[in-house]
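# Structural overview
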Amino acid sequence: MSMQDTASSGVALWRLVADGIERGIADGRFAAGDKLPGEMEIAETYRVNRHTVRRALAALAERGIVRAERGSGTYVEAQKLAYPLRSRTRFSEIVGAEGREPHGRLIEASEDVATRELARELGLKTGAPLVRIEAIRLADRTPICVSTTWLSAERFPGAGTVFSATRSMTKMLEHYGIRDYRRGATRITAGIIDATDAARLDLPLGRPILVVDATDLDLEGKPLVTKHSRFAAERVEFLVEP
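In this report, the structure presented in the accompanying data block is examined. (Residues numbered from 1 in each chain as written. Predicted model: local features only at pLDDT ≥ 70, side-chain atom pairs only at ≥ 80, totals over all residues. Heavy atoms only, no water.)

Helix and strand counts for the chain come out as 9 helices and 10 strands. With the principal axes as the frame, the chain shows a C-alpha extent of 70 × 30 × 30 Å. Relative to its 242 residues, the chain shows a buried fraction of 44%. In the chain, once contacts between residues fewer than 6 apart in sequence are set aside, the share between residues at least 24 apart is 58%. Total accessible area on the chain stands at roughly 12800 Å², and carbon and sulfur atoms take up 50% of it. (Helix = DSSP H or I, 4+ residues; strand = E, 2+ residues; numbered from the N terminus. Buried < 20%, exposed > 50% of the residue type's maximum accessible area, 1.4 Å probe, protein only. Contact = heavy atoms within 4.5 Å. Areas by Shrake-Rupley, 256 points an atom, 1.4 Å probe, with all protein chains shown as cover.)

See below:
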């Protein structure tokens, strides 16, 4: 049956294109992380116009099967990252254990002051000077989460510059002599992505996110950093471990 015959029988052409691309992913022609052919090539392959291709790709993106990167192309979305939440949680180790390459990127580092809530989490006085670090974490090319981290400016002077150089919270803390640390309390809530984080995570507006608020402690139980992280819900699955 030709595409036109299929379309005339009630199945839209864009759905036929989407099904064909999805079959290509399922049978291994396109692997996780692969860049798909361009819109023109797909249109020629299926003998449809580019508008039909765009609708097919949009439908696949809506289901989390592919991801469009601005100015780069459309990529096959990787499987969800299994992300254990345990007393020792390290993004780089978790991503590496999945056979993927961890990346950290500084968005902004700035001065801040401790609100009453932040002071309580960090064991400081209200109004104490803080360093605020906005960063994005990726597995291979895929953005996984955006995090806001606060830590004492007195204990960790220049922390933003150090993080920019190391691109790792663990390595940043090692710079200040913190060789090991553990997770304190963790709170997980659901939310809807805002415009700023949607752009950072390369997600459409309105997509669900998992919000993780956590504080890391040194081995003596003293607070080191407190974090407010927003994870792309369609790209991770949390595993709560002791």
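The side chains of a regular strand alternate, residue by residue, between the two faces of the sheet. Pairing between strand E1 (residues 66–69) and strand E2 (residues 73–76): 4 bridges, direction antiparallel. Note on E2: the bridge partner recorded for Ala68 is Thr74. (Pairing = 2+ DSSP bridges.)

This next bit is on the layout of surface pockets. Empty space within the largest pocket amounts to approximately 510 Å³. Residue lining of the largest pocket: 28 residues in total, with Phe91, Ser92, Arg137, Ser168 and Met169 positioned closest to the centre. Listing elements by their share of the lining of the largest pocket, those giving two or more residues are strand E3 (81–85), helix H5 (91–97), strand E4 (102–113), strand E5 (129–139), strand E6 (142–152), helix H8 (169–175), strand E8 (208–217) and strand E9 (223–232). Here the lining of the largest pocket takes 4 residues from E4, the largest share from any one element. (1 Å grid on protein atoms, 1.4 Å probe; cavity = no way out; pocket = protein on both sides within 12 Å on 5 of 7 lines; lining within 4 Å. Points joined across faces, edges and corners; volume = space filled by probe spheres on them.)

Another point: helix H7 (residues 159–166). Taken together, the buried positions of H7 are occupied by Ala159, Gly160, Val162 and Phe163. The buried residues of H7 occupy an angular sector of 160° when projected down its axis, which confines them to one face. Of the residues in H7, the exposed ones pointing more than 90 degrees away from the buried face are Thr161 and Ala165. If you follow the buried residues of H7, they end up packed against E4, E5, E6 and H8. Arg167 lies just past H7 and shows a positive phi near 55°. (Arc of directions from axis to C-beta.)

Here the focus is the packing of helix H2 (residues 13–26) against helix H4 (residues 50–62). It is the contact of H2 with H4, at a shortest axis distance of 8 Å, that shows an interaxial angle of 55°. For the element pair H2 / H4, the angle class is oblique. Here H2 runs over H4; the crossing is right-handed. Residues Leu13, Trp14, Val17, Ala18, Ile21 and Glu22 of H2 touch H4, and the partners they reach there are Thr52, Arg55, Ala56, Leu57, Ala59 and Leu60. Grouping the constituent residues of the contact of H2 with H4 by class yields 9 nonpolar, 1 polar and 2 charged. (Axes fitted to C-alpha atoms, helices over the stretch in contact; angles between N-to-C directions. Parallel < 35°, antiparallel > 145°, perpendicular 65-115°, else oblique. Left-handed = near helix turned anticlockwise from the far one by under 90°. Nonpolar A, V, L, I, M, F, W, Y, C, P; charged D, E, K, R; others polar.)

Attention shifts here to the pattern of salt bridges. In the structure shown here, the tally under the stated rule is 22 salt bridges. Between Asp197 and Arg200 there is a salt bridge whose closest N-O contact spans 3.5 Å. Taken together, the residues span about one helical turn, with Asp197 and Arg200 both in helix H9 (residues 195–201) at a distance of 3 residues. As a salt-bridge pair, Asp216 and Lys227 come within 3.0 Å of each other at their nearest N and O atoms. Placement of Asp216 in strand E8 and of Lys227 in strand E9 is noted, with a sequence separation of 11 residues between them. The same class applies to Asp216 as to Lys227, namely buried. Through salt bridges that share partners, Asp112, Arg132, Glu134, Asp197, Arg200 and Arg230 make up one connected network. (Salt bridge = Lys/Arg side-chain N within 4 Å of Asp/Glu carboxyl O.)

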